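Chain by chain, the residues run as shown.
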Amino acid sequence: AQSVTQLGSHVSVSEGALVLLRCNYSSSVPPYLFWYVQYPNQGLQLLLKYTSAATLVKGINGFEAEFKKSETSFHLTKPSAHMSDAAEYFCAVSGNTDKLIFGTGTRLQVFP
Amino acid sequence: DSGVTQTPKHLITATGQRVTLRCSPRSGDLSVYWYQQSLDQGLQFLIQYYNGEERAKGNILERFSAQQFPDLHSELNLSSLELGDSALYFCASSPQGGRVADTQYFGPGTRLTVL
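The text that follows walks through the structure, step by step, so that each part is easy to find. These numbers come from a predicted model, not from an experiment.

Rules used throughout
Residues numbered from 1 in each chain as written. Chains lettered and ligands numbered in written order. Predicted model: local features only at pLDDT ≥ 70, side-chain atom pairs only at ≥ 80, totals over all residues. Heavy atoms only, no water. Core = buried A, V, L, I, M, F, W, Y, C linked by side-chain atoms within 4.5 Å. Buried < 20%, exposed > 50% of the residue type's maximum accessible area, 1.4 Å probe, protein only. Helix = DSSP H or I, 4+ residues; strand = E, 2+ residues; numbered from the N terminus. Contact = heavy atoms within 4.5 Å. Pairing = 2+ DSSP bridges. Buried area = accessible area lost by both parts, 1.4 Å probe. Salt bridge = Lys/Arg side-chain N within 4 Å of Asp/Glu carboxyl O. Polar contact = N/O pair within 3.5 Å; in protein donor to acceptor, adjacent residues only side chain to side chain. Disulfide = S-S within 2.5 Å. Axes fitted to C-alpha atoms, helices over the stretch in contact; angles between N-to-C directions.

1. Examining the nonpolar core
- Membership of the largest hydrophobic core comes to 27 residues, with the highest contact counts inside it found for Trp-35, Leu-48, Phe-74, Leu-76 and Tyr-89 of chain A.
- Of all elements in the fold, only strand 2 (10-14), strand 3 (19-27), strand 4 (32-38), strand 5 (44-50), strand 7 (64-68), strand 8 (73-78), strand 9 (87-94) and strand 11 (106-111) of chain A reach the threshold of two or more residues within this core.
- Those residues in contact with Leu-48 of chain A, other than ones at most four positions away along the chain, are Leu-33, Phe-34, Trp-35, Val-57, Lys-58, Gly-59, Phe-63, Glu-64, Ala-65, Phe-74 and Leu-76 of chain A.
- Counting 21 residues, the second largest nonpolar core, distinct from the first, contains Cys-23, Trp-34, Ala-66 and Ala-87 of chain B.

Shown next, in the form of structure tokens:
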């Protein structure tokens, strides 16, 4: 069985500051991990995914995430936040099936 | 724009009623997934179809059913609606099905309000 835990339902940063959104996973099989972003009144858009190749994964809009097996983590980072990054972010896992198991989401606020 | 379309965008109905949500996948995608997003349950996988066949089932109530047609569009039918069914329903599609690393492309969702 798979699950993800996103620590922090709300994260606030200043524009230009580092963004760190935390995700820990649990999986009985080698996991595939995803980060999706949801802007207000829109669907989910894939930011990046880990598919057991490189452990550091680069995505769109300057985001990246590092798969750390020893810590069962897949935290999302961006060096410098932009106002347009304000959205809800979801971590998801899949394992031996392709259905996605989502975390509860983290709402990112960016202050000027 | 993901290429996945969902209609209607909004739906308001009464308890006990039945509604149908429609999804057209991206051109060429064979798999369709349905997810429910609600405040108390979060984002939950409901059901997956691959090339017309049911592939996987998640937390889908017996009052809910889905199908995928030969042209690959899918419909999610919700019956005997309850207040708790109010949620955002997303459809996603992927090229294949069963390949766990395939990206799923999400539609804009249908917001269902049950009064």
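2. As for the pairing of strand 1 (residues 2-7) of chain A
Residues and elements named next belong to chain A.
- Only one face of strand 1 is buried, namely the one carrying Gln-2, Val-4 and Gln-6, since none of Ser-3, Thr-5 and Leu-7 on the opposite face is buried.
- Where strand 1 meets strand 3, six bridges bridge the pair, whose relative direction is antiparallel. The residue bridging Val-4 from the neighbouring strand is Tyr-25, located in strand 3.

3. So, the interface of chain B and chain A
- Each partner contributes residues to the interface: chain B has 20 residues there, and chain A has 19 residues.
- Between chain B and chain A lies a buried interface of about 1,600 Å² when both sides are counted; carbon and sulfur atoms form 58% of it.
- Here chain B is connected to chain A by zero salt bridges.
- There are four residue pairs in polar contact (both at pLDDT 80 or more) connecting chain B and chain A.

4. Quick look at the state of the cysteines
Residue and element names in this part refer to chain B.
- This model, assessed by the stated rule, comprises two disulfides over all chains.
- Sulfur-sulfur distance for the disulfide between Cys-23 and Cys-91 comes to 1.8 Å. Note on the Cys-23 and Cys-91 pair: the S-S dihedral is about -50°, so by sign convention the disulfide is left-handed. You can see Cys-23 sitting in strand 3 (residues 19-24) and its partner Cys-91 sitting in strand 9 (residues 87-94), a full 68 residues away along the chain.

5. A few points about the sheet that holds strand 7 of chain A
Residues and elements named next belong to chain A.
- One open sheet holds the five strands; their spatial order is 1-3-8-7-6, and the pairing between them is antiparallel. Edge positions in the open sheet fall to strand 1 and strand 6 (56-58), since each of these has one partner strand only. Neighbour-to-neighbour, the strand axes of this sheet turn through a mean angle of 20°, independent of strand direction.
- Both strand 6 and strand 7 contribute to a ladder of three bridges, which runs antiparallel. The partner of Val-57 across the bridge, within strand 7, is Ala-65.

6. A word on the sheet that holds strand 7 (residues 64-68) of chain B
Residue and element names in this part refer to chain B.
- One open sheet accounts for four strands, arranged 1-3-8-7; its pairing is antiparallel. Only two strands of the sheet have a single partner each, and these edge strands are strand 1 (5-7) and strand 7. Each strand axis lies, on average, 15° off the axis of its neighbour in the sheet, ignoring direction.
- Sheet topology note: the strand 1/strand 3 ladder contains three bridges and is antiparallel. If you follow Gln-6 over to strand 3, its bridge partner there is Cys-23.

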